[in-house]
Amino acid sequence: MLDEFGSQMLSIVLVICFIGIAISIFLLVIRAFIGPSNADRAVAIDTIGANMMAFTGLAAIGLVTDKLNDVVLLIGILLFIGTIATAKFIEKGVIIDRHNH
Amino acid sequence: MKQPNDLILRTTTHLIAFILLGFSIYLFFAGHNAPGGGFIGGLMTSAAFILMYMTYGYDKIKKILPINFRMVAVTGLLVAVLSGLGSFVFQEPFLSHTSGYFEIPLLGEKHLATAMLFDLGVYLVVVGVTLTIILSITTDSGDEFNKDTGVS
C-alpha cells in the first residue's frame, strides 16, 4: 500500500520536475537569443548547463540506474570551466593571456 | 592595466586540476561497459590543461608542459592504426580485438581488453586536437590587436 503510493508519487513528481525544467530551459533559450548584452547570453547559456545537470539527475532517478552519476559530474566540471572562461572574458577581454606583464 | 585579483581561482586550480586529471583517468578505464572511454577521458584531460592555461597564462604553462600537442595527436593516430594492424599478426581481420581476465596485484581480477589500446589512441588524438585548436584560436591575436583594444 505504502510502497505503491510512494512509487506513484515519485513518478508524478518526476513528470512535474521534467516539465518545470523544460519550461526553464525554454525561457533560457529565449533569453540567450534576445539577450540585450553578451553577458546576458553568457549567463543564460551557463544556466542552461545547470538545468541540463538537473535533467540528467532526474533521468537517473527515472531509469533507476547509477551509471549517469559520472555524467552529472562531467557536466558540472565542464560548466565550471565555461563559467570561469565567461567571467574572465567579461573581466579581461582575453581568456588565455599571452604575455605576463 | 588593471590587474584583477584572482587569488581564489589560483588556489582552487591547484586542487581542481589534480581532481580533473584523476577523474579523466578513471573515465578512460571505466569506458568498457560504463559511461566513459577514450574520447571523454581525453576531453577531461584537455579541460584540466585549459583550466591551467586560463589561470596562469600561456607562457608559464608552456614552460611547465613543454609538449607539442600536434605531435600528441599524430602519436595517437599512429597508436590507433597500429592497434588495428596488430590483429594481422594473429591472422585475424583488421581491428578485431580480444579480451581476458587477469590477476593484477593490489587490484584483484580485472577484465582487460585489447580495445583499450585503440582507446588510448583515441585519447591522445582528442587531447592533441582539442588543445591545438583552442590554443591556436586563443593565442591568435598579435600585438597590434592588443594595442587596439587596450588589452595586453
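The record held by UniProt for chain B lists under Sequence similarities (unreviewed entry) the comment "Belongs to the CPA3 antiporters (TC 2.A.63) subunit B family." Here is the UniProt Subcellular location (unreviewed entry) comment for chain B, exactly as written: "Cell membrane".

Named according to an unreviewed UniProt entry, chain A is Multicomponent Na+:H+ antiporter subunit F originating from Tenuibacillus multivorans. Turning to chain A, the UniProt record has this under Sequence similarities (unreviewed entry): "Belongs to the CPA3 antiporters (TC 2.A.63) subunit F family." Comment text from UniProt for chain A, heading Subcellular location (unreviewed entry), reads "Cell membrane".

What follows deals with the overall build of chain A. Scanning chain A from terminus to terminus reveals 3 helices and 0 strands. Going residue by residue from the N terminus, the α and β elements of chain A occur as α-α-α. For a compact globule of 101 residues, the expected C-alpha radius of gyration is about 13 Å, and chain A comes in at 18 Å, more than 25% above that figure. If you line up chain A on its principal axes, its C-alpha atoms span 70 × 30 × 15 Å. Among the 101 residues that make up chain A, the fraction classed as buried is 25%. Considering only residue pairs separated by 6 or more positions, chain A has 46% of its internal contacts joining residues 24 or more positions apart. Per element, the accessible surface of chain A, about 6500 Å² overall, is 74% carbon and sulfur. Across chain A, the 6 positively charged side chains and the 8 negatively charged ones have centroids separated by 17 Å.

Facing 30 residues of chain B, the contacting portion of chain A comprises 22 residues. Buried surface at the junction of chain B and chain A, summed over both partners, amounts to about 2500 Å²; 69% is from carbon and sulfur atoms. At the boundary of chain B and chain A, one finds 0 salt bridges. Inspection of the chain B/chain A interface yields 2 residue pairs in polar contact (both at pLDDT 80 or more). A breakdown of the residues in the side of chain B that touches chain A according to their chemical character gives 20 nonpolar, 6 polar and 4 charged.

Residues and elements named next belong to chain A. Taking 1.5 Å per residue as the helical rise, helix 1 (residues 2-34) with its 33 residues ought to reach 48 Å, and the 48 Å between its terminal C-alpha atoms agrees with that figure. Every buried residue of helix 1 is accounted for by Leu14, Ile21, Leu28 and Ala32. Next to the buried residues of helix 1 lie helix 2 (38-63).

This part covers the pairing of strand 1 (residues 99-104) of chain B. Residues and elements named next belong to chain B. Across 6 bridges, the pairing between strand 1 and strand 2 (residues 108-113) is antiparallel. Opposite Gly100, over in strand 2, you have Leu112 as the bridge partner. As consecutive antiparallel partners, strand 1 and strand 2 are separated by 3 residues, and within that stretch Leu106 has a phi angle of approximately 75°, a positive value.

Our focus in this paragraph is the pattern of salt bridges. Overall, the coordinates contain 1 salt bridge over all chains when judged by the stated rule. Between Arg10(B) and Asp6(B) there is a salt bridge, with its nearest N and O atoms 3.1 Å apart.

Cut-offs applied
- Residues numbered from 1 in each chain as written.
- Chains lettered and ligands numbered in written order.
- Predicted model: local features only at pLDDT ≥ 70, side-chain atom pairs only at ≥ 80, totals over all residues.
- Heavy atoms only, no water.
- UniProt positions renumbered as here; feature names shortened; annotations may be inferred.
- Helix = DSSP H or I, 4+ residues; strand = E, 2+ residues; numbered from the N terminus.
- Rg over C-alpha atoms; globule rule 2.2 N^0.38 Å.
- Buried < 20%, exposed > 50% of the residue type's maximum accessible area, 1.4 Å probe, protein only.
- Contact = heavy atoms within 4.5 Å.
- Areas by Shrake-Rupley, 256 points an atom, 1.4 Å probe, with all protein chains shown as cover.
- Lys, Arg positive; Asp, Glu negative; His and termini not counted.
- Charge placed at Lys NZ, Arg CZ, Asp CG, Glu CD.
- Buried area = accessible area lost by both parts, 1.4 Å probe.
- Salt bridge = Lys/Arg side-chain N within 4 Å of Asp/Glu carboxyl O.
- Polar contact = N/O pair within 3.5 Å; in protein donor to acceptor, adjacent residues only side chain to side chain.
- Nonpolar A, V, L, I, M, F, W, Y, C, P; charged D, E, K, R; others polar.
- Expected span 1.5 Å × (residues − 1).
- Pairing = 2+ DSSP bridges.

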